[in-house]
Each structure stands twice: as C-alpha cells, then as structure tokens.
Amino acid sequence: MHLIITDAWLAKSRAIYLSGTKLVVAGFVAALALMLVAAGLYHWVFLKGAREGWPVIGALVKLVVKDEAEQRDRFLRENLDVMAKRLGEMQAKMMQLEALGERVSGLAGVNPNDIKVAPGRGGVLVSGHSLTMEELQATLADLDRLTDQRVDLMTVMESRLFDQKIKKLMVPTQEPVVGGMLGSAFGWRIDPLNGRSALHTGLDFPADTGTPIVAAAGGVVVTQEVHPAYGNMLEIDHGNELVTRYAHASRVLVKKGDLVRRGQKIAEVGTTGRSTGPHLHFELLVQGVYQDPQKFLLAGKNLNKPVLAAATALVASPSLKTAPKN
C-alpha cells in the first residue's frame, strides 16, 4: 500500500509504503485508540450525566441501581431463608439433645431440672414473617449460648458416669471363681476339722486344683504370703478401706504392689494351709471388719437393684469400727 502526503500548495510530497504487516499493526493501533477514546468519552458523559441528573442518563442510572438492589435483596432473602431453615433444624436437634440429657441425667445423678435451660416451644404455625438479618443473628447467638451450656452439662454428666463406672469396678462384685459352686457360706458353722462351732469369715468355692481365681474388683495387691491357716494367700486393697482375701491357692500369679484389674487371673485353686480339700476361701473386710461377701456378689448379678447401693454405702459408712483380723 502506498500513501502520498502533500502540503496545501502541493509543493512538497512524501510517499509512504506500508507492507501487509505494518498495515495490520497500524489498523490495530488505530482501533485500540478509537476504543479508548470512546470508552473515556462514554464514561465521562455517563458520570457527568448521573451527577447532574440529565433526563435520559439519570433515569437509566436509577433503573440500573434499582435492578442491582433488587437482585441483591433477592439473593440475600434466598440465603436468609436457607439459613432460617437450617436454624430450625438445629433447634430441633437441640431439643432432642435436651431430651437425651434428661434421660442420661438420672444415670449420672444430675437433677433433670438443671439441664432445662429453656422451656419447650412448639405448635401449629398460623402466620409468620421472614426473619431479618438481625433476628437471625440474635437467634444464632442464643443457640450458641445454649450449645455452650449443653456442652458444660454433658461434660459434668460424663464425669459423673465415669466416676460411677470406676466405683463399680472398685467394688468386689465379680465372682472370684467363675462358674464355681458355693460351698460353705458366711456365718456360724461346725468346723470341719475340730467339730466345734466357729465363725466362718468368708465363702468357700470348691473347685479342682488349678482352677483360675480372678480378682473380684480392681485394686492393689497389699499382701502375698504363705499363712499357717490360709496357706498361699493374697490380699487386694480396693480403696475406701475395702480389702478382699484369697486363701488356700496352689499357685499365686501376682505379687505385693501389683495393680490388678477386675476379672484378672491372680491365682489358682489349691488346698494349702488349714484345708480339707481344694477350694478357694474368699473373704471381704471393710475397715478391718469381716463382711458377708455374698451381699457384694449378689449386687454384681443385678446392678440395677438397691443391693449395689447398699453395698457401696456399706463401704463408705464411717460407723464401722476396725476389728482385729482372725
């Protein structure tokens, strides 16, 4: 492409040759410059017209702003409705949690009235209005506060239940010879060796030599010795001045100072010491006083009856006096 440029009097002229590439670049630059000028002019005219309230431009601006506001309000309302629905679901779950807390509180020893933070609400929805953002925020704040209270109450109940579980594990309600038959009971009887009336201070469980003997509850082994009357004997301290004694064992599997858990094998049945045959002599002492172990073992068979409460109260009773061991 050739361009010839001359002055007004045609005295001078200049020829310019543009190749295809230069022509494309020149066209692109010209188009870009034209677009920038048009955009700047439009922007300037539009802003000036909007500020000064030109009839056509002012009406157009109001229409655009109104449409944007309506879209924003519609979007906000849709999100508020979704959040309100989710909030209702959360409140329903909170009511379920409250009902569950009331049922569990009895097991944990917590007054059910302590977990009723707010009265129940419900009924048929006759009429209503959509929640505003402020109302939604206030309701969420209330729900957050109730949730914190529920967490605190559940933590207390968890602690209570854990304490109860530990106490049950520390009360000797496990039969020391699993599935064993009960022989001589606790109380007065005719002594099988001398034929005289004597106090039998425990329970006898006849079994074959080598039958496992298990701990009636968790505790610490405080005595492990060979006794003239009890033979191979050990004692386990369960806390609260409660001790169980296992006598006449053929073999003892734990030693003084060992920690044992409920149901752990600690010895094997034998006939050592003052004995007429293989059996386990099982004793239970509270504050040094012999108690009937059968009361505790019966409590283990039916934990929901008052027997366990009576046995636990017996352990904690301060009225028991220490008596010498026989």
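Residues numbered from 1 in each chain as written. Predicted model: local features only at pLDDT ≥ 70, side-chain atom pairs only at ≥ 80, totals over all residues. Heavy atoms only, no water.

1. Regarding the overall build of the protein chain
Right, on to step 1. Each helix and strand counted, the protein chain has five helices and 14 strands in total.
Right, on to step 2. Looking at the 326 residues of the protein chain, the share that counts as buried comes to 27%.
Right, on to step 3. Sequence separation of 24 or more characterises 62% of the internal contacts of the protein chain that already satisfy a separation of 6 or more.
Right, on to step 4. In the structure as shown, the protein chain presents an accessible area of about 21,300 Å², 61% of it carried by carbon and sulfur atoms. (Helix = DSSP H or I, 4+ residues; strand = E, 2+ residues; numbered from the N terminus. Buried < 20%, exposed > 50% of the residue type's maximum accessible area, 1.4 Å probe, protein only. Contact = heavy atoms within 4.5 Å. Areas by Shrake-Rupley, 256 points an atom, 1.4 Å probe, with all protein chains shown as cover.)

2. With respect to the confidence of the model for the protein chain
Right, on to step 1. Residues with a pLDDT of 70 or more make up 69% of the protein chain, whose mean pLDDT is 77.
Right, on to step 2. The model gives residues 119–127 a pLDDT under 50, and that stretch makes one contact with residues more than four places away or in other chains.
Right, on to step 3. For residues 304–308, every residue scores under 50 in pLDDT, and the model assigns this stretch eight contacts once sequence neighbours within four places are set aside. (pLDDT = per-residue confidence, 0-100.)

3. Details of a nonpolar patch on the surface
Right, on to step 1. On the surface, V25, F28, V29, L32 and L36 cluster together into a nonpolar patch covering about 500 Å² of accessible area.
Right, on to step 2. Turning to its location among the elements, L36 is positioned in helix α1 (residues 20–52).
Right, on to step 3. Given the relative accessible area of 58%, L36 is considered exposed. (Patch = residues over 30% accessible without salt bridge, like charges linked within 9 Å, V, L, I, M, F, W, Y side chains within 5 Å. Salt bridge = Lys/Arg side-chain N within 4 Å of Asp/Glu carboxyl O.)

4. Focus on unusual backbone geometry
Right, on to step 1. Its identity as a non-glycine residue notwithstanding, N240 has a phi of 55°, on the positive side.
Right, on to step 2. Tracing the sequence through the fold places N240 in the loop between β8 (231–237) and β9 (242–249).
Right, on to step 3. In this structure, E241 is a non-glycine residue whose phi angle is positive, near 60°.
Right, on to step 4. As for its position among the elements, E241 is in the loop between β8 and β9.

5. So, the pairing of strand β12 (residues 265–268)
Right, on to step 1. Of the strand pairs in this sheet, strand β6 (residues 212–214) and β12 are connected by three bridges, and their pairing is antiparallel. The partner of V214 across the bridge, within β12, is K265.
Right, on to step 2. Sheet topology note: the strand β10 (residues 251–252)/β12 ladder contains two bridges and is antiparallel. Its bridge partner being in β12, R251 is matched across the sheet by E268. (Pairing = 2+ DSSP bridges.)

6. Some words on the nonpolar core
Right, on to step 1. Counting residues in each nonpolar core, the largest one holds 20 residues, and the members touching the most others are I213, I236, Y246 and I266.
Right, on to step 2. Sorting the residues of this core by element identifies β5 (203–206), β8, β9, β12 and β13 (279–286) as the ones contributing at least two each.
Right, on to step 3. With sequence-adjacent residues up to four places away left out, I266 is seen in contact with I213, V214, A215, L234, I236, Y246, V252, L253, V254 and V260. (Core = buried A, V, L, I, M, F, W, Y, C linked by side-chain atoms within 4.5 Å.)

7. Examining the sheet that holds β10
Right, on to step 1. Taken in spatial order, the three strands line up as β6-β12-β10 in an open sheet, and their pairing is antiparallel. Two strands lie at the open edges of the sheet, namely β6 and β10, each paired on one side alone.

8. Some thoughts on helix α4 (residues 293–301)
Right, on to step 1. Restricting attention to buried positions, one finds in α4 the residues P293, F296, L297 and A299. Seen end-on, α4 carries its buried residues on one side only, within an arc spanning 155°.
Right, on to step 2. Measuring from the side-chain oxygen of the N-cap residue of α4 to the backbone nitrogen of Q294 gives 3.0 Å; that N-cap residue is D292. (Arc of directions from axis to C-beta. Polar contact = N/O pair within 3.5 Å; in protein donor to acceptor, adjacent residues only side chain to side chain.)

9. Comments concerning the pattern of salt bridges
Right, on to step 1. A complete count under the given rule lists seven salt bridges for this structure.
Right, on to step 2. Measuring nitrogen to oxygen at the nearest pair gives 2.6 Å for the salt bridge that ties R245 to E235. Placement of the pair is R245 in strand β9 and E235 in strand β8, with a sequence separation of 10 residues. There is no split in this pair, since R245 and E235 are both buried.
Right, on to step 3. A single network of salt bridges, built from pairs that share partners, joins E235, R245 and E283.

10. Re the pairing of strand β4 (residues 197–200)
Right, on to step 1. In this sheet, β4 lies alongside strand β3 (residues 187–190) in antiparallel orientation, the contact comprising four bridges. Note that in β4 the partner of G187 across the bridge is H200.
Right, on to step 2. Linking β3 to β4, which pair antiparallel, is a turn of six residues; within it G195 sits at a positive phi near 75°.

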